[in-house]
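Architecture and fold: a report
Take a look at the letters that make up each chain.
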Amino acid sequence: MRILGLDPGLQHTGWGVIDAVGSRLSFVGAGVVNSDAKRDLAERLVQIHDGLREVIDLYQPDEAAVEETFVNKNPSSTLKLGLARGVSLLVPALYKLRVAEYPTNLVKKSVVGAGHADKEQVKMMVGVLLPAARDQKSSDAADALAVAICHAHHMGTLGKWGAQDFREVAR
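To start, this report covers the structure provided alongside it.

1. Re unusual backbone geometry
A positive phi angle, near 50 degrees, is found at Gln60, a position not held by glycine. Checked against the element boundaries, Gln60 lands in the loop between helix H1 (41–59) and strand E4 (63–67). On the basis of relative accessible area, Gln60 is assigned to the exposed category, the value being 53%. For Lys96, which is not glycine, the phi torsion reads 65 degrees and is therefore positive. Among the structural elements, Lys96 can be located in the loop between helix H2 (75–94) and strand E5 (98–102).

Here you go:
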C-alpha cells in the first residue's frame, strides 16, 4: 500500500510518501508545498491545493493520513492553520482516497515512543525507520513521513483486529 502523509501548514505543508508491505516500510518521496506569504489567503490555499494535486498525480498513493491541528493561543493563526488543514483533507478526498486523521501526540508516540517528542527526535527516528529519508532537510517533510508511518502502523493493527474502519483504531 502506498501512503501519503500530510503535515498541514499555511506557509509550509509537508508531504511524505511511503510504501508499506506488511510491517516493512520504504521511503518513496517527501517534500514541502509552500505558499507565498505575500498573496492573499484564498490564493495561498489554491497554491496548497495545486501543490498537493501534483504530489498525488506523481506518486499515486492508495490512502492518505493527515495530522490533526492543535489549538494555538492566537485564534487567527488557529483558523488559518485549520483552513490549510481543510485543503489537506479535501485534495486526497477529491481523488477518492481514504483519508485518516491522527492527533499529533499519537503520531509522535507511534514513531518515537513518546507523545511529547520534539521535532528533532521525530526527524531522527524517521531517518532510523526510513534510512533513505535521512537526508530530509525539512522538519515539515519529516513530520509528514511520521504521519504516514503512524498510519501504516495503525493500518496493520486494523487488519489484525478486523476493524471495518481505521477511525476505530485511531480513537
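Still more to cover.
2. Digging into the layout of surface pockets
Of the pockets and cavities examined, the largest pocket occupies roughly 450 Å³. Along the walls of the largest pocket sit 20 residues, with Asp7, Pro8, Glu67, Phe70 and Lys119 positioned nearest its centre. Those elements that provide at least two residues to the lining of the largest pocket are helix H3 (104–111), helix H4 (119–129) and helix H5 (139–161). Here the lining of the largest pocket is composed, by residue class, of seven nonpolar, six polar and seven charged.

3. So, H4
Turning to H4, its buried residues are Val122, Val126 and Gly127. Along H4, the residues classed as buried sweep out an arc of 135 degrees about the axis, all on the same side. Of the residues flanking the start of H4, the one acting as N-cap is Asp118, its side-chain oxygen 3.1 Å from the backbone nitrogen of Glu120.

4. Considering the environment of Ala142
Turning to its location among the elements, Ala142 is positioned in helix H5. Residue classification places Ala142 among the buried positions, given a relative accessible area of 2%. Spatially, the C-alpha atom of Ala142 lies 8.6 Å from that of Lys119, the residues being 23 residues apart in sequence.

5. What about the sheet that holds E5?
The sheet built from five strands is open, its strands ordered E3-E2-E1-E4-E5 with mixed pairing. The open sheet has two free edges, formed respectively by strand E3 (24–34) and E5, since each of these has just one partner strand. Averaged over neighbouring strand pairs, the angle between their axes works out to 20 degrees when direction is ignored. The sheet contact formed by strand E2 (residues 12–21) and E3 spans 10 bridges and is antiparallel.

6. A look at the packing of aromatic side chains
In total, this model carries one aromatic pair according to the counting rule given. A ring pair is formed by Trp15 and Tyr59, whose centres lie 5.4 Å apart and whose planes are at 45 degrees; its orientation type is tilted. Placement of the pair is Trp15 in strand E2 and Tyr59 in helix H1, with a sequence separation of 44 residues. Owing to a relative accessible area of 9%, Trp15 belongs among the buried residues under this scheme. Classification of Tyr59 by relative accessible area gives buried; the value is 18%.

The rules behind each value
- Residues numbered from 1 in each chain as written.
- Predicted model: local features only at pLDDT ≥ 70, side-chain atom pairs only at ≥ 80, totals over all residues.
- Heavy atoms only, no water.
- Helix = DSSP H or I, 4+ residues; strand = E, 2+ residues; numbered from the N terminus.
- Buried < 20%, exposed > 50% of the residue type's maximum accessible area, 1.4 Å probe, protein only.
- 1 Å grid on protein atoms, 1.4 Å probe; cavity = no way out; pocket = protein on both sides within 12 Å on 5 of 7 lines; lining within 4 Å.
- Points joined across faces, edges and corners; volume = space filled by probe spheres on them.
- Nonpolar A, V, L, I, M, F, W, Y, C, P; charged D, E, K, R; others polar.
- Arc of directions from axis to C-beta.
- Polar contact = N/O pair within 3.5 Å; in protein donor to acceptor, adjacent residues only side chain to side chain.
- Pairing = 2+ DSSP bridges.
- Axes fitted to C-alpha atoms, helices over the stretch in contact; angles between N-to-C directions.
- Phe/Tyr/Trp six-rings, centres within 6.5 Å; stacked < 30°, edge-to-face > 60°.

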